[in-house]
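Descriptive analysis of the structure
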Amino acid sequence: MIRISIIIATFNSGKTLRRCLDSIVPQMGDDVELLIIDGNSKDDTNLIINEYRKCVSYTISEPDKGVYDAWNKGIKKASGDFITFIGSDDMLCNGAIEMYHRFFENNGDDYDIVCGKLHFINSDGHLLREVGEPWNWDKLRKRKWNLAHPGMLHNKRIFEKYGLFDTNYKICADSDMLQRLGPNIKAGYIDGFLVNMSEGGISDSVKAIKEGYLIRKKNKTLPLFENMIGYASLLLRFKLSKFKNILVNHGK
């Protein structure tokens, strides 16, 4: 049976980590390993990790260069055939690991990545929107893919072939990784919800938009002029949405 490695990066995640682990541990069997890479947390994160220590294959707590550095550390220690990354404030949906294995049983394991669907939720756990669709290179390179990274399965061989996450990028290194794979990879799709993902964070920011532009420029996934136009358009839409929110809140 395919072995799956789940990697969680943590840093001062005491408020959400137990909820995250409680969504994963009951689904684990001998075919799943859990790795937790902590960035030298100062809260009770490591106390919580110790509570679940029997279920954790590998953990370390030391200063790092951010989430992608932590993921890279986890990849180097992972023994699974496929690797997935779960945020410390996210939750694995009930039956997600069973869906992973059912996919491989029905379709074989000769895939570079396997995508699925997510629920975006707010801090109260209420559904905001649903995200996820099959691999589409054209949408990915134009930043139009209805995708979020948690829950996606990555064949370990892609990291051996294309390298680890580029830690020069602090927000969009996962997008850089997918663009490095190029259009000709073999991708699968699970038509089911794998992760409840907490919305928010730095990915919704001007910095993220700029980083995305630089990544597309480096990988030459779009002609330069088209990339520049897309960058300007995304910035404008972002600023208009923020201005609209200010007006709505002011009206209240």
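Everything below is about the structure shown above.
Bear in mind that the values here come from a model prediction, so they are computed numbers and not experimental data. (Residues numbered from 1 in each chain as written. Predicted model: local features only at pLDDT ≥ 70, side-chain atom pairs only at ≥ 80, totals over all residues. Heavy atoms only, no water.)

1. Let's talk about the pattern of salt bridges
Short version of the rule: We define a salt bridge as a side-chain nitrogen of Lys or Arg found within 4 Å of a carboxyl oxygen belonging to Asp or Glu. Per the convention used, a helix needs a DSSP run of H or I reaching at least four residues, while a strand needs a run of E reaching at least two, with both numbered from the N terminus. Each residue's exposure class comes from its accessible area (1.4 Å probe, protein chains only) as a fraction of the maximum for that residue type: buried when under 20%, exposed when over 50%, partly exposed otherwise.
By the definition in use, this model includes 11 salt bridges. Across the pair Glu51 and Arg18 runs a salt bridge whose closest N-O atoms are separated by 2.8 Å. Highlighted residues: Glu51 in helix H2 (residues 45-51) and Arg18 in helix H1 (residues 17-24), separated in sequence by 33 residues. The exposure class of Glu51 is exposed, given its relative accessible area of 53%. Notably, a salt bridge pairs Glu133 with Lys139, separated by 3.3 Å at the nearest N-O pair. When its relative accessible area of 17% is taken as the criterion, Glu133 is described as buried. Taken together, the shared-partner salt bridges in this structure form one network comprising Asp110, Asp112 and Arg157.

2. Observations concerning the nonpolar core
A general tendency of soluble globular proteins is for nonpolar side chains to be buried together. As a reminder of what qualifies: Among the buried residues, those of types Ala, Val, Leu, Ile, Met, Phe, Trp, Tyr and Cys that are joined through side-chain atoms within 4.5 Å form a nonpolar core. By definition in these notes, contact holds between two residues if any of their heavy atoms fall within 4.5 Å.
With 36 residues, the main nonpolar core has Ile6, Ile8, Leu21, Ile86, Leu92 and Tyr100 as its most contacted residues. Taken together, the elements giving at least two residues each to this core come down to strand E1 (4-10), H1, strand E2 (32-38), H2, helix H4 (96-107), strand E6 (113-121) and strand E9 (187-198). With six residues, H4 is the single largest residue contributor to this core. In contact with Ile6, not counting residues within four places along its chain, are Ile24, Val32, Glu33, Leu34, Leu35, Thr84, Ile86 and Ile97.

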